[in-house]
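Structural characterization, general
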Amino acid sequence: MTARIDALALEPFGAPLGRSAVSREKRRVARSKKADLIKAAYKLLDERDPQDVSIRAIAAAAGCTTGAVYRHFDSVDHLLLVACVKFLEDYMVDLNELLTQNEDPLYQHVEMWRSFGRQAFAHVDAFELMFWKANEDALNDAIFTYYQEFPESWRKLSGFQVMLFFSSNIQERNLLTLNRCMAPYKLSRTTIDILNELEICSFHGLMMDYRDCYREPGKAKEGLERYMQMLDYMLGAVVVAAQ
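Source: prediction; values computed, not measured. (Residues numbered from 1 in each chain as written. Predicted model: local features only at pLDDT ≥ 70, side-chain atom pairs only at ≥ 80, totals over all residues. Heavy atoms only, no water.)

1. Side note on a negative patch on the surface
Stated formally: Patches here: salt-bridge-free residues with over 30% relative accessible area, like charges joined within 9 Å, nonpolar side chains (Val, Leu, Ile, Met, Phe, Trp, Tyr) joined within 5 Å. Each accessible area is a Shrake-Rupley estimate made with a 1.4 Å probe; only the visible protein chains count as cover when residues are assessed. Here, a salt bridge means any side-chain nitrogen of Lys or Arg that lies within 4 Å of a carboxyl oxygen of Asp or Glu. The charged-residue count follows a simple rule in which Lys and Arg add positive charge and Asp and Glu add negative charge, with His and chain termini not counted at all. By convention, the charge on Lys lies at NZ, on Arg at CZ, on Asp at CG and on Glu at CD. In this text, helices come from DSSP runs of H or I with a minimum length of four residues, and strands from runs of E with a minimum of two, each type numbered from the N-terminal end. Exposure is judged per residue with a 1.4 Å probe applied to protein chains only, and the accessible area is read against the type maximum: over 50% gives exposed, under 20% gives buried, and values in between give partly exposed.
A surface patch of negative charge is lined by Asp74, Glu136, Asp137, Asp141 and Glu172. When residues in the negative patch are grouped by element, the largest group, 3 residues, is from helix H8 (residues 136-149). Relative to the helices and strands, Asp74 resides in the loop between helix H3 (66-72) and helix H4 (76-84). The exposure class assigned to Asp74 is exposed, which follows from its relative accessible area of 67%.

2. Overview of helix H7 (residues 124-133)
To keep things clear, this is the line we draw: Pairs of residues are marked as contacts when any of their non-hydrogen atoms sit within 4.5 Å.
Most of H7 sits out of view: 7 of its 10 residues are buried. For H7, the full list of buried residues reads Val124, Asp125, Ala126, Phe127, Glu128, Met130 and Phe131. Looking at the buried positions of H7, the neighbouring elements they touch are H4, helix H6 (105-122), H8, helix H10 (170-182) and helix H11 (189-209).

3. Some words on the layout of surface pockets
Over the atoms rolls a probe the size of a water molecule, and its path tells where empty space is left. To keep it simple, the criterion reads: Method remark: on a 1 Å grid restricted to protein atoms, a set of points is classed as a cavity if a 1.4 Å probe fits but cannot get out and as a pocket if it is open with protein on both sides within 12 Å along at least five of seven lines; lining residues have an atom within 4 Å of a point. Grid points are joined across faces, edges and corners, and a volume is the space filled by probe spheres set on the points. Think of it as three bins: nonpolar holds Ala, Val, Leu, Ile, Met, Phe, Trp, Tyr, Cys and Pro, charged holds Asp, Glu, Lys and Arg, and polar takes everything else, Gly as well.
In this structure, the second largest pocket encloses a volume near 150 Å³. Considering the residues around the second largest pocket, the lining is formed by Tyr91, Asp94, Leu95, Glu97, Leu98, Gln101, Glu111, Met112, Arg114, Ser115 and Arg118. Within the residue set of the lining of the second largest pocket, elements represented by two or more residues are helix H5 (89-101) and H6. Tallying contributions element by element places H5 first for the lining of the second largest pocket, with 6 residues. When grouped by side-chain class, the residues that make up the lining of the second largest pocket number 4 nonpolar, 2 polar and 5 charged.

4. Things to note about H11
Here is the rule: An expected span of 1.5 Å times one less than the residue number is assigned to each helix. The arc in question is traced by the directions running from the helix axis to the C-beta atoms.
With 21 residues, H11 should reach 30 Å at 1.5 Å per residue; the first-to-last C-alpha distance of 30 Å fits that figure. Listed as buried for H11 are Ile192, Leu195, Asn196, Glu199, Ile200, Ser202, Phe203, Leu206 and Met207. The arc that holds every buried residue of H11, seen down its axis, measures 160°, which confines them to one face. Exposed residues lying more than 90 degrees from the buried face of H11 are Thr190 and Asp209. Packed against the buried residues of H11 are H6, H7, H10 and helix H12 (219-242).

Just geometry here; none of it tells us what the structure is for.
Here's what the structure looks like:
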């Protein structure tokens, strides 16, 4: 019989696991503990500011020792950055639905900002850490690490969606959709670059206005509504001038 048979299946019930099976089990347990640490850090970040989340609090919430954190992550800052990526999951769901259900590039661009803003104004510290404090390489690594642990979250995305989501550079990512929606208006490269900068800087500035109050009832929604009004005005002015 030439069919390949799993060696584990040949072992009698109750027999000690072979080396390969033990190794697989250790890797499975390690992956599970790493995922538990990410989930625990995320839950704590949802309740308090990053600077108030300690390694001991994360380890206790995950049911492990502080040593386990350092076995899986370079530092507590590394773990917190990876955990912050989870705040993007609802945005990712919106992104998938938006890009598959509506083909108008301008509508997509505006609604992508709405979805991103909904999460950002509700989690100002996490988004500030990801997109304005962390360097690009660190965020790239955090995104990659997170989706190694939770791959089911992105497997159904198209190539363009993956490009958008896995871009840690917010300027480059926004420029991708801005180029698409402004293409019919024949704008100069300089005009598009300035508009891109205006969208991002105004968003970041307004988000920082809510840094000390975003957890208060109604404040995140208020911040989002203010930005969407600004975005509509900016895009409307450009479209009218280009016609």
